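Understanding the architecture of this molecule
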Amino acid sequence: MSSTEELLKRLGVSIDAGTLRLALTHRSYAYENGGIPTNERLEFLGDSILGFSVTDALYRDNPDLPEGDLAKRRSAVVSTRALAGIGRSLGIGDYIYLGQGEKLTEGKNKASILADTMEALIGATYVSNDIETARQLVMRLIGPLLKDAAALGAGTDWKTSIQELAASRQLGSIHYAVEGSGPDHARVFAAALHIGGKAYGKGNGHSKKEAEQEAAADAWRALTGDAGSGPTGKSAGSVAAK
């Protein structure tokens, strides 16, 4: 496992060693090591801090936006997909304590594990410091996503969004072609999205659903001319599906 000092440097915060290790301890590792404490309580705490920080920022920065739109944007940036994308960009997976089973199935790349660990790290930041330090961490991580208004609206569910867009433009029926490769414990999927028989988007992921979501996001950007954005401001293929 890599030095946690590098992780703290990437996060830009100080977390005491014990709390940091707890934040990185997945339940699979805890189970295999005598039932030691897991990061789930910190995850619970971090989830609340994340939700409040994002809600507060959206409320203050969008005085004319109705409640429904605020809720949709919040859902997009606090989703498993968005948090996992941030976790991957920070290389969080290399630091998580996982059981042997999760290691064999590439648990460090699973969206749910990455997202849960990100929330636990937010909680750990609060425990080791204070609420303002935790809020600042959230805004450093999530802040850039809040500026991506158009993609945030679609990013809650790319497959639904592309279906609605294709229907509104009468482009024809949607079809996903998905192929898997690699061993069972490290399967990778590639998806191609066709609308009306024409190719519009491609995506990759560790599950069929994830690959299809990425292909839908790629197609949505192609059709709207929003080539650089997505729910985490990254290109298609970089964000895990929820």
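Everything below is about the structure shown above.
Computed from a predicted model, the values in this text were never measured in an experiment.

Attention now goes to the sheet that holds strand S1 (residues 174–181). Strand order in the open sheet formed by three strands is S1-S2-S3, and the pairing between neighbours is antiparallel. Both outer strands of the open sheet, S1 and strand S3 (198–205), are each paired with one neighbouring strand and no more. When strand polarity is set aside, the average angle formed by the axes of neighbouring strands in this sheet is 20°. Examined bridge by bridge, strand S2 (residues 188–195) and S3 share seven bridges and lie antiparallel to one another. Each bridged residue has a counterpart across the sheet, and for alanine 190 the counterpart in S3 is asparagine 204. Its contacts with the sheet put helix H11 (residues 158–168) on S1 and S2, and the angle it makes with S1 is roughly 145°. Packing of helix H12 (residues 208–224) onto the sheet brings it into contact with S1, S2 and S3, and relative to S3 it is tilted by some 135°.

A few words now on the nonpolar core. The nonpolar side chains of a soluble globular protein tend to be buried, and buried together. Counting residues in each nonpolar core, the largest one holds 43 residues, and the members touching the most others are Val54, Ile92, Leu121 and Ile142. Of all the secondary-structure elements, those providing two or more residues to this core are helix H1 (4–11), helix H2 (17–23), helix H4 (40–61), helix H5 (67–77), helix H6 (80–90), helix H8 (111–128) and helix H9 (131–146). Looking at this core, the element that brings in the most residues is H8, giving nine residues. Residues within four places of leucine 121 in sequence aside, it is in contact with Leu11, Ile15, Leu20, Ala23, Leu24, Ile92 and Leu137. Core analysis: the next-biggest nonpolar cluster, separate from the first, contains 17 residues, Trp158, Ile162, Leu165 and Trp220 among them.

Attention now goes to the environment of glycine 101. Assignment of secondary structure puts glycine 101 in helix H7 (residues 100–104). Through-space distance from the C-alpha of glycine 101 to that of glutamate 32 is 9.8 Å; in sequence the pair is 69 residues apart.

Under the criterion given, the structure shown has one aromatic pair. Their ring planes at 50° and their centres at 5.3 Å tell us that tyrosine 29 and tyrosine 97 sit as a pair that is tilted. Linking tyrosine 29 in helix H3 (residues 27–32) with tyrosine 97 in the loop between H6 and H7, this pair joins segments that are 68 residues apart in sequence. Residues tyrosine 29 and tyrosine 97 agree in their burial class; the two are buried. Just above the ring of tyrosine 176 sits the side chain of lysine 159; from NZ or CZ to the centre is 4.9 Å.

Here is what the cut-offs are and how they apply
Residues numbered from 1 in each chain as written. Predicted model: local features only at pLDDT ≥ 70, side-chain atom pairs only at ≥ 80, totals over all residues. Heavy atoms only, no water. Pairing = 2+ DSSP bridges. Helix = DSSP H or I, 4+ residues; strand = E, 2+ residues; numbered from the N terminus. Axes fitted to C-alpha atoms, helices over the stretch in contact; angles between N-to-C directions. Contact = heavy atoms within 4.5 Å. Core = buried A, V, L, I, M, F, W, Y, C linked by side-chain atoms within 4.5 Å. Buried < 20%, exposed > 50% of the residue type's maximum accessible area, 1.4 Å probe, protein only. Phe/Tyr/Trp six-rings, centres within 6.5 Å; stacked < 30°, edge-to-face > 60°. Lys NZ or Arg CZ within 6 Å of the ring centre and 35° of its normal.

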